[in-house]
Amino acid sequence: MLFLFLRHISGADLFLCASYIYNHYCDCKDQHYYLSGDKINDVLCLPVEKLSCITPILACQDRVLRVLQGSDLLYEVEVPGPPTVLTLNNGNGDSGEELLFGTSDGKLGLIQVSSTSPVHKWEIRNEKKRGGILCIDNFDILGDGVKELLIGRDDGMLEIYSFDSTNEPILRYDHALSESITSIQGGCVGKDGYDEILASTYSGWVTGLTTEPVHREGGPGEELKISQEMQNKISSLRNELEHLQIKVLQEREKYQQSSRSSTAISAVPTFSVNDKFTLNKDDASYSLILEVQTAIDNVLVQSDVPIDLLDVDKNSAVVSFSGCDSEPNSNFLLATYRCQANTTRLELKIRSIEGQYGTLQAYVTPRIQPKTCQLRQYQIKPLSLHQRTHFIDHDRPMNTLMLKGQFSFAEIHSWVVFCLPEVPEKTPVGDSVTFYFQNTFLDTQLESTYRKGEGFFKSDNISTISILKDVLSKEATKRKINLSISYDINEVSVNHTLKLIHPKLEYQLLLAKKVQLIDALKELQVHEGNMDFLIPEYRSILEEADHLLEEYKKQPAHLERLYGMITDLFIDKFKFKGTNVKTKVPLLLEILDSYDQNALIAFFDAAS
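As the structure is a computational prediction, the values presented were derived from the model and not from experiment. (Residues numbered from 1 in each chain as written. Predicted model: local features only at pLDDT ≥ 70, side-chain atom pairs only at ≥ 80, totals over all residues. Heavy atoms only, no water.)

Caption draft 1: Geometry of the pairing of strand 4 (residues 29-35). Summarising the sheet, strand 3 (residues 21-26) and strand 4 pair through 6 bridges and their orientation is antiparallel. The residue of strand 4 that forms the bridge with Y22 is Y34. With antiparallel pairing between neighbouring strands as the criterion, strand 3 and strand 4 make up a hairpin whose turn holds 2 residues, including D27 at a positive phi of roughly 55°. (Pairing = 2+ DSSP bridges. Helix = DSSP H or I, 4+ residues; strand = E, 2+ residues; numbered from the N terminus.)

Dropping the structure here:
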C-alpha cells in the first residue's frame, strides 16, 4: 500500500511522494521520476535562484538525504538518524542552501547543500533522551532580531533554540505537552504586539504559548489579578466549553436510547492508533509508543518470545503481570497497563534476546462505549539488537557465512528482512546490495552482501553468524530451497568479542557490588552519626546511593544477559567445530561469578 503526501509546490511545479517513489509534475505533466532505495519520510526543494534549477531533497528512512537533479541522484548526505522532517533555514543562514533536518531518534542538524557536495554545519545530539522530531519552524519569538528554532517532538516536548555568537544553537526554553506535537508555528495570533507559538497535537488540541506578560498585583500569596479583556476571553471560552459539554451529553443520551430499541444496531466505534516501535541505540532497548485520539483505558501486552519490560519514567500507568505457561503455548509475557484518566499516550520499553524471535502484541482499549480494542503486532527479529549504519571497521577479525542456491534476489532479500531490523521491505534496485549493521548492545558489526543465488555475511561475533546460519537455513527449508552453506571462522574474533564485552560486564559487576553494600553502609552511618570514618570509596557509594539504586533498577537482568551472551559465544565457537560443550557451561558460570578477564579468555582457549 502506497501513502501519498504532498510536501512542496512552487508555481506550476508539484512535487509528490509515495512510500518509495518521487514524482515531479509541471502544469500537470509528468517531468521527473525517482525510485528511492528506502522509505521517503519528507521532501523539500531548495529555491530555484540558489542553484539555478529546482533541487529536490528526499529524507529517507535509511539515514540518508538524497539530493536529486531531474530524475537522477546528484549525491547522498549521511545523517545520524532516520530523518523525519526537513525545512529551509530561514533564520540565520547566509543563503537559501541551508537545510534543517530532524530525526526520529531526536537529533537536529543543519546542512548546507550545494551542486557538488554538502557541508555539515552543526548537529545537536539528543542528550536528554527526548522524543523524535516531527516539526520545525523558524520564528523570532524572543524579539531580538534573530529567528529562533521552534521544535516539536513526538513525546510532547516543545523546544525553543536560540543562537550564540558563533551561530551554534542553544536550548533556551522548553514546555511539555501530553501528546505528540504534529505541527508548530510562530506568529501574532491572539493580541497585537505579542507573538505566540501555536502547536497542534495528535488528538486535535491546539496550544498557544504567548510572550504577553502576566503581572501579579499585591503581595506574595494573593490572588492573581488579570485584565478585563482577559477575563472576557476566559468567560467566553468557558461558556463555549459548557455548551459543547451539554451537546455531547445530549448526543450520548440519544445514542444510548437508540441502542436499547430492538431494531437498532449498535455500530462498533472506530479509532486510530498512532504507534511507533523503534530500537534505541543508547541502551539497546525497543521503545513502543502507543497514542490514541481519545483516552486510553488499558493496554494488554503479550509476547511469544522472552523479553524484559523496562521502567519508563514518564509512564504513569499501573502495570500488572499475569502468570504464563511458556511450554505448550509459547506465551512468555502477559502484562496489563491500566492508564490514568485522560491518558492518550503510553510509552513502553522492552529488551529482547538475539536469537529468540517471535511476535509482540498490544491490545489497545480506549475509554469509549461500547467497549472495543485494536490489536497491533510487532516482530521481534532474530538479530533484533542490530541497527543500520553507514560504515563498519573492516580491520576487525571477521567470520564469514556463505550461501549458494537456486533462490532469487527477492527471496534472499525477504530472508534478510525477516532476520534484521531497518531493512526496506521493497527489493533493492540493481543486481546486488550491501547493508552494514552494528549491534547496539555489544558494538559488534555485520556486513551483509547478497544477490541472486549468493549471499555473504561477515561479522566479528561468531554468535551473529550462528544465528544467521540457523534462521536462513530454516527459511530456505520452508520454501523447499536447497542451500549450500559454508563458513570461515576466525578464532581471533572470539577474544575480540570478549574484550568488547569486558567493560560492560566489569561495570555491571561493580554496580551490583556497590548496591549490595548500600544498606550496610547506611546502618553504619546511622550508628556512628557520620561517615567521616569511612574510606573515600565507601563515602562515595553513600553519596551516590540514590543514583546507583536508580541505575540498578533500570537494568533488570542486565548481568544475566551478559552471562547469556558469553555462554552463547562459548557454545557457538565449538558448534562450528562440531563439538558440544554444554557440559562445560557450569564451569564457565563459576568463572564468571569470580570474573577475571584473563581467566575467562584462558578458559575459552583451554576448552579447545
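This is not the end of the story, as more comes after the structure.
Caption draft 2: Here's a closer look at the sheet that holds strand 31 (residues 432-439). If you walk across this open sheet you meet the 6 strands as 29-31-32-33-30-34, and the pairing is antiparallel. Edge strands, defined here as strands with exactly one partner in the open sheet, are strand 29 (386-389) and strand 34 (483-488). Neighbour to neighbour, the strand axes of the sheet diverge by 20° on average, direction disregarded. Across 6 bridges, strand 30 (residues 399-405) lies against strand 34 in antiparallel orientation. Opposite T400, over in strand 34, you have D488 as the bridge partner. Sheet contacts for helix 5 (residues 462-478): strand 29, strand 30, strand 32 (445-451), strand 33 (454-459) and strand 34; angle to strand 30, the most-contacted strand, approximately 15°. (Axes fitted to C-alpha atoms, helices over the stretch in contact; angles between N-to-C directions. Contact = heavy atoms within 4.5 Å.)

Caption draft 3: Quick look at the sheet that holds strand 26 (residues 345-352). Ordered in space as 20-21-26-23, the 4 strands form an open sheet in which the pairing is antiparallel. Taken across any chain shown, the strands that pair with only one partner, and hence form the sheet edges, are strand 20 (273-280) and strand 23 (307-310). Averaged over all neighbouring strand pairs, the angle between strand axes comes to 25°, with direction disregarded.

Caption draft 4: Fine view of the side chain of T440. Topologically, T440 is positioned in the loop between strand 31 and strand 32. Setting aside residues no more than four positions away along its own chain, T440 makes contact with L279, K281, A284, L385 and Q387.

Caption draft 5: Inspection of helix 5 at higher detail. Here helix 5 contains 17 residues, and its C-alpha end-to-end distance of 25 Å stays within 8% of the 24 Å for a straight helix at 1.5 Å per residue. Listed in full, the buried residues belonging to helix 5 are I462, S463, T464, I465, S466, I467, L468, V471, L472, E475 and A476. N-cap assignment for helix 5: the residue whose side-chain oxygen lies 3.0 Å from the backbone N of S463 is N461. Looking one or two residues past helix 5, K480 carries a phi angle of roughly 60°, positive in sign. (Expected span 1.5 Å × (residues − 1). Buried < 20%, exposed > 50% of the residue type's maximum accessible area, 1.4 Å probe, protein only. Polar contact = N/O pair within 3.5 Å; in protein donor to acceptor, adjacent residues only side chain to side chain.)

Caption draft 6: A look at a nonpolar patch on the surface. Taken together, the side chains of Y33, L35 and V429 define a hydrophobic patch exposed on the protein surface, amounting to about 270 Å² of accessible area. Position of Y33 relative to the elements: it lies in strand 4. (Patch = residues over 30% accessible without salt bridge, like charges linked within 9 Å, V, L, I, M, F, W, Y side chains within 5 Å. Areas by Shrake-Rupley, 256 points an atom, 1.4 Å probe, with all protein chains shown as cover. Salt bridge = Lys/Arg side-chain N within 4 Å of Asp/Glu carboxyl O.)

Caption draft 7: Structural detail: the nonpolar core. Counting residues in each nonpolar core, the largest one holds 81 residues, and the members touching the most others are V299, L505, I566, L600 and F604. The element best represented in this core is helix 9 (residues 558-575), accounting for 8 residues. Contact partners of I566, with chain neighbours within four places excluded, come to L498, I501, L505, L588, L592, L600 and F604. Counting residues in hydrophobic clusters, the runner-up holds 15 residues, among them L46, L65, Y75 and L88. (Core = buried A, V, L, I, M, F, W, Y, C linked by side-chain atoms within 4.5 Å.)

Caption draft 8: Region of the structure containing unusual backbone geometry. Despite not being glycine, R63 has its phi angle at roughly 65°, a positive value. The topology assignment puts R63 in the loop between strand 6 (55-60) and strand 7 (64-69). A positive phi angle, close to 65°, is found at E422, a residue other than glycine. If you trace the backbone, E422 turns up in the loop between helix 4 (409-419) and strand 31. On the basis of relative accessibility, which here comes to 30%, the residue E422 falls in the partly exposed class.

Caption draft 9: Local environment of the packing of aromatic side chains. Tallied over the full model, the rule gives 13 aromatic pairs. Through pairs of rings, three or more aromatic residues link up here, namely F409, F435, F437 and Y450. Positioned above the aromatic ring of Y20, the side-chain terminus of K426 is 5.5 Å from the ring centre. (Phe/Tyr/Trp six-rings, centres within 6.5 Å; stacked < 30°, edge-to-face > 60°. Lys NZ or Arg CZ within 6 Å of the ring centre and 35° of its normal.)

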